Structure formats: structure tokens, C-alpha cells
Amino acid sequence: MRHLIRTDDFSIEEINELFQDAERFSDGRFERILQDKIIITLFFENSTRTKSSFEIAAKRLGAEVIHLDVTKSSTKKGETLTDTAANLEAMGPNAIIIRHQNAGVPKILSQHANAAIINAGDGAHAHPTQALLDLFTMHQHFDNLKDKRIAIVGDIKNSRVANSNIELLTRYGLDVTLVAPPQFMPKTTLKTTDSLTSIIDKVDIIMSLRTQTERHSYPIYASLKDYASDFCITKELLGDRDILIMHPGPVHRNVDIDDALLDDPRSKVLNQVKNGVLIRMAVLKKLIGNV
Ligand code: NCD
């Protein structure tokens, strides 16, 4: 059984195939190929986009989706996570989609599972379907992604979206620069800066990220307003430059990206959400479509 825990679980050839499927799906060319399949969603952390996107993807392909409300599940009665998972497994689902605040949980479950385990975000570690949909969104705009220049801006150190994107984008040959204050900068061999203005003439894409306040053990910035004055992507900063603006959501308006730019055609934030369904359909087809 194949699982999707990290972006590097798939080769470039496999990802290119996912993109071809996603393109077909976007033209409405798909059948209910998951009609006999049962998929469980298990979200231990909040989610708006990812959970509903997976559920819509699964339903479009005809699967049954069962959402386990973890606030009412037996993990709240002291059952271990592995026991909860083993019990769910015993019911024979084809896939379990899991989000957890602790890095490594989906990987551990995958070591015991007969169902395909799909990581919908684990701590600050990985969020593979987000990175795949981000890359797919870029692929729709550029004939050739190699050497396209992208700045990833924000709380990179605590972001699973950044981690997964860094692996995937560098593998596809994009030129990645990390833009963050020192406290949000991970250890890296990539180019880094804390100055947005220094990179604005040298990028094709900007990916803004939310400050992950829930993962900080103490308030890192005096206020989000202070952070925004240095790192908010504004219409003024962009001028008339032809740069794609991306964000995985949820956006802190006027902190990550300003209102005016969110309404600008250069902002691809809602295209990313739309593509999320297509990419998750392709991932489900790949993992459980033929088993
Ligand atoms: C992200 C997440 O949960 O990792 N959101 C998402 O899945 N679209 C990013 C975030 O919470 O900042």
C-alpha cells in the first residue's frame, strides 16, 4: 500500500502524472472511480480548506467519506492514537486522511496500516498535498518552472507548508529565496534575507505564509502590526511588476497580504483552493484508485 506522508514519497514522473490527471479533472473529465471506497478523515487540528477539499475530492470520485469527530472520539477518553487508528483500520477503510499537531504521527500510523495514510499536515513537518497544489498552480502559469524565482515569506521555521514546498520546488529546479526575520528563519542552505525590497525585482512568485502563533511558545513579535510593516505583501510594494502572489490560507489580511492585493488578478489564493480539490482527486486516484 502506498502512502503520502511527504512530497518526496512521489517521484517527478509520478507528480507529472498527477498534474495530467488534475488537468483532465478540471475539464470535468472524470468518472466515479472510487465508488466502492471508504475514506476516513481524522483531523486533530483545525482546518477549513484542507478537510473540505479532501471531502469534496473524494465525493466527486464517488467515495464514501466518514469524518471522525475527534472532539467526541475515544482519544478523549484516554485511548492512545495508535489504538484509535488500529480500531478504525479494523473497519477496513481504503484511506485515512489525518491532520495532527505532532510531527511524525501520519508516518507512525502508516507503519501499521493497510489503508493508505494521507498526511493532511503534521505539526511543522509536512503538508504534501498543499505543496503539490501550490506547484500545480505555478505550473498553470509558467511553461517551464525550472529557474523560476520564488520568495517564500513569513514564519518559515514553523511552517509545514514551507517545508514541503522547499523540498518540492527545489526538486523541480526553482530558485528559492527565504524571506523572514531571524526568529522565523530555519537553518538552511538556501538564499535568505530579511528584506522584501531587496528581492522584489528578482522574483517571479511570492508565497506568503501565516505567522504560526499556535506553534510559538511565547509571543515573538511585539504585535502583528510591527511584523506587517516589514513583511506584508502590499500593492505598493509590487507596483506594476508581474509577480504571482500565493498563500495557502488562512490569510491574515493586512498582515500577510494587504486587502487591495488580495483582490488583484495577480493574487492566486483562490485558484490554489480550486486546484486543491483537483490535486486531491488525483492523489486519491493514484493511491486507492486501482486497489
Ligand atoms: C496551512 C496549514 O494548516 O498548514 N493551511 C492549509 O492547510 N491551507 C497553513 C496555515 O495554517 O498557516
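Residues numbered from 1 in each chain as written. Predicted model: local features only at pLDDT ≥ 70, side-chain atom pairs only at ≥ 80, totals over all residues. Heavy atoms only, no water.

Caption draft 1: Region of interest: the packing of helix 2 (residues 49-60) against helix 11 (residues 269-288). Where helix 2 contacts helix 11, the two axes come as close as 8 Å, and the packing angle between them is 55°. By the angle between their directions, the pair helix 2 and helix 11 is classed as oblique. As for the relative orientation of helix 2 and helix 11, their crossing is right-handed in sense. Where helix 2 abuts helix 11, its residues Arg49, Thr50, Ser53, Phe54, Ile56, Ala57, Ala58 and Arg60 lie against Val273, Gly276, Val277, Arg280, Met281 and Leu284. Here the residues of the contact of helix 2 with helix 11 sort into eight nonpolar, three polar and three charged. (Axes fitted to C-alpha atoms, helices over the stretch in contact; angles between N-to-C directions. Helix = DSSP H or I, 4+ residues; strand = E, 2+ residues; numbered from the N terminus. Parallel < 35°, antiparallel > 145°, perpendicular 65-115°, else oblique. Left-handed = near helix turned anticlockwise from the far one by under 90°. Contact = heavy atoms within 4.5 Å. Nonpolar A, V, L, I, M, F, W, Y, C, P; charged D, E, K, R; others polar.)

Caption draft 2: Expanded view of the packing of helix 5 (residues 128-141) against helix 6 (residues 160-171). It is at 8 Å that the axes of helix 5 and helix 6 come closest, and there the two elements cross at 55°. Of the possible angle classes, the one that applies to helix 5 and helix 6 is oblique. Taken as a pair, helix 5 and helix 6 cross one another with a handedness that is right-handed. On helix 6, the residues that touch Pro128, Gln130, Ala131, Leu132, Asp134, Leu135 and Met138 of helix 5 are Val161, Ser164, Asn165, Leu168 and Leu169.

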